[in-house]
Amino acid sequence: MTHPASTSAPRPVRVLISGASIAGPTLAYWLDRYGFEVTVVEKADAVRGGGYAIDIRGTAREVVDRMGLLPRLREAHIDTRRITFLDAAGDTVGTVQPEQLTGGQSGQDLEVRRGDLADALYAPLRDRVEFLFGDSIATLDDDGHAVHVVLDSGTHRTFDLVIGADGLHSNTRRLVFGPEEPFHRYLGHVFAGFTLPNELGVAHEAFIWSEPGRSAVVYAYEPSEPVHGFLTFVRDTPPFEAFRDPRAQRELVASQFPEQVWQVPRLVAAMRTSEDLFFDIVSQVHMPAWSHGRVALAGDAAHATSFLSGQGSSVALVGAYVLAGELATHADHAEAFAAYERRMRPFAERNQALATAGGTIVTPTTRAQVDARNALLRDPEAMAKELATAEAEARRTTHSSVTLPEYTPAP
Ligand SMILES: Cc1cc2nc3c(=O)[nH]c(=O)nc-3n(C[C@H](O)[C@H](O)[C@H](O)COP(=O)(O)OP(=O)(O)OC[C@H]3O[C@@H](n4cnc5c(N)ncnc54)[C@H](O)[C@@H]3O)c2cc1C
């Protein structure tokens, strides 16, 4: 679908993107393809590798296909075959297939390490687009005609547009829209993710030990790789004080898991000394508008869905594709931003709603929910029936609930 140019103003060409993870490089790829001059600033020293597994499903699969990335991502597919739930004593209660929980489609969805996706997105860009690693936007001044940017390194640059693709705690959002708290919808969980040696010798499967409001998870990819550990727990208020103090984070997480059963003590010990600890709240971002003047937001910065939805990367991929396409087919950036939001907001909101729907199987918060979940797991037929509900079908529909236009920019 093409959009006629709406004004005779020159199309903005110089775009600065903050963040080189999922949304940022996807946007950079399409903008570069449409003839924009793209610069990406990333606070880390390189594209961050490794990381937990993410799924690419529904419409997002179409985006990576249009980018020619399917073969590479198929090779990187992790192929988790089963998830085993354990009771308080660490004994197996039952097993399910991942697609039963996510509403995904076996053989269709891609499950890859977040870092592998980021690398795949970055590879075709590295020689085409300017990347400024180890830097960050310090100030932004949008004078209505251009955005004057000062980076932490002291560099001064001017761009026609700036896009914040810098994640849940977006720096760009803070600079333009103010502190993050009003835009966060805290979902009541805190989590710590880290890697540890694969002493269990397991592969292509996950184990979830749960007590009310708490889970200890081991997620294994290849036998030769470290496994990923996750410790999650419920908390009424977000522990903002712990964000400023890495030692307090480790203490807080450890204090929630005193049990000396199964792998719990090993996970706690690994979390305490981990060099790749990832501590965060489970939260969504809800913004009244995704742009202001010449600055817009993409990916988690605009509409984080949280990992409980399993859809954050997928929505980030689709949103970046749509934003680039709308910019390429509108002469006026304000109209492009409005069109992007009109098309994407319903999709983002439907996916956000998945995070709070039916969460009691993976994250039961009361004893009754744990018991009911375990009873279902002990009866695979009942579990299959429970999971094959209309809700599972609704999930699948949600994953593909936006039409991906073919954008053809005017020459
Ligand atoms: C444990 C876990 C499991 C998940 N599982 C799934 C799943 O199964 N499926 C799924 O679709 N999604 C999943 N997600 C969500 C997914 O990771 C995010 O939604 C997705 O990564 C969002 O991409 P993004 O590019 O918008 O932001 P991010 O991936 O958060 O990237 C932001 C980038 O901006 C950079 N940055 C930050 N601050 C600055 C700054 N000041 N200046 C410059 N750069 C900056 C960061 O270094 C990073 O590279 C999961 C998330 C977690 C935590």
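What comes next is a walk through the structure. (Residues numbered from 1 in each chain as written. Predicted model: local features only at pLDDT ≥ 70, side-chain atom pairs only at ≥ 80, totals over all residues. Heavy atoms only, no water.)

A tally of regular secondary structure across the protein gives 15 helices and 18 strands. The C-alpha atoms of the protein give a radius of gyration of 22 Å, which matches the 22 Å a tight globule of 411 residues would have. Dimensions of the protein, computed from C-alpha atoms along their principal axes, come out at roughly 70 × 45 × 40 Å. Counting contacts in the protein only where the partners sit at least 6 residues apart, residues at least 24 apart contribute 73% of the total. For the protein, the accessible area works out to roughly 17,400 Å², and carbon and sulfur atoms hold 50% of it. Counting 38 positive and 53 negative side-chain charges, the protein places the averaged centre of each group 1 Å from the other. (Helix = DSSP H or I, 4+ residues; strand = E, 2+ residues; numbered from the N terminus. Rg over C-alpha atoms; globule rule 2.2 N^0.38 Å. Contact = heavy atoms within 4.5 Å. Areas by Shrake-Rupley, 256 points an atom, 1.4 Å probe, with all protein chains shown as cover. Lys, Arg positive; Asp, Glu negative; His and termini not counted. Charge placed at Lys NZ, Arg CZ, Asp CG, Glu CD.)

What follows covers unusual backbone geometry. The phi dihedral of Trp262 is positive, around 45°, even though this residue is not glycine. Within the secondary structure layout, Trp262 lies in the loop between helix H8 (246-255) and helix H9 (264-273). Notably, Ser306 is not glycine yet its phi reads approximately 80°, a positive angle. Here Ser306 shows up in the loop between helix H10 (300-303) and helix H11 (312-329).

Moving on: the site of the ligand. The full set close to the ligand counts 32 residues, and Ser21, Glu42, Tyr52, Gly310 and Ser313 are the nearest of them. Separating an oxygen atom of the ligand from a backbone N or O atom of Ile22 is a distance of 3.0 Å. At 2.9 Å, a backbone N or O of Ala23 approaches an oxygen atom of the ligand. Considering the ligand on its own, with 1,000 Å² of exposed area, one finds that the protein chains cover 90% of that surface. Breaking the shell around the ligand down by element, the ones donating at least two residues are strand S2 (37-42), strand S3 (53-56) and H11. Of the residues in the shell around the ligand, the class split is 12 nonpolar, 12 polar and eight charged. (Near = heavy atom within 4 Å. Polar contact = N/O pair within 3.5 Å; in protein donor to acceptor, adjacent residues only side chain to side chain. Nonpolar A, V, L, I, M, F, W, Y, C, P; charged D, E, K, R; others polar.)

Another point: the packing of aromatic side chains. For any pair of aromatic rings, the description rests on two quantities: the centre-to-centre distance and the angle between the ring planes. Applying the stated criterion to the full structure yields 17 aromatic pairs. Ring centres of Trp30 and Tyr321 lie 4.9 Å apart, and the angle between their planes is 85°; on these two criteria the pair is classed as edge-to-face. Linking Trp30 in helix H1 (residues 23-33) with Tyr321 in helix H11, this pair joins segments that are 291 residues apart in sequence. For Trp30, a relative accessible area of 3% puts it in the buried group. On the basis of an interplanar angle of 55° and a centroid distance of 5.4 Å, the ring pair of Trp290 and Tyr340 is categorised as tilted. Residue Trp290 is located in the loop between strand S16 (278-285) and strand S17 (291-292), and its partner Tyr340 is located in helix H12 (residues 333-354); the two are separated by 50 residues in the primary sequence. Comparing Trp290 with Tyr340 shows no difference in burial state: the two are buried. (Phe/Tyr/Trp six-rings, centres within 6.5 Å; stacked < 30°, edge-to-face > 60°. Buried < 20%, exposed > 50% of the residue type's maximum accessible area, 1.4 Å probe, protein only.)

It is worth spelling out the sheet that holds strand S15 (residues 227-234) at this point. Pairing between sheet strands relies on hydrogen bonds along the backbone, with the strands arranged either parallel or antiparallel. Strand order in the open sheet formed by seven strands is S5-S4-S13-S14-S15-S12-S16, with mixed pairing between adjacent strands. Only two strands of the sheet have a single neighbouring strand rather than two, namely strand S5 (92-96) and S16. Across the sheet, the mean angle separating the axes of adjacent strands is 20° when strand polarity is ignored. Where strand S13 (residues 205-211) lies against strand S14 (residues 214-220), seven bridges are found, and the strand directions are antiparallel. From the neighbouring strand, Ser210 faces S14, where its bridge partner is Ser215. (Pairing = 2+ DSSP bridges. Axes fitted to C-alpha atoms, helices over the stretch in contact; angles between N-to-C directions.)

Attention shifts here to the pattern of salt bridges. For the structure on display, the rule yields 19 salt bridges. A salt bridge links Arg14 to Asp160; the shortest N-O distance between them is 3.1 Å. Of the two residues, Arg14 is situated in strand S1 (residues 14-18) and Asp160 in the loop between strand S10 (156-159) and strand S11 (161-164); the sequence distance between them amounts to 146 residues. Residue classification places Arg14 among the partly exposed positions, given a relative accessible area of 29%. Linking Glu259 and Arg214 is a salt bridge whose minimum nitrogen-to-oxygen distance equals 2.6 Å. Placement of Glu259 in the loop between H8 and H9 and of Arg214 in strand S14 is noted, with a sequence separation of 45 residues between them. Here Glu259 matches Arg214 in class, with each residue buried. Linked through salt bridges whose partners overlap, the residues forming this network are Glu62, Arg66 and Glu406. (Salt bridge = Lys/Arg side-chain N within 4 Å of Asp/Glu carboxyl O.)

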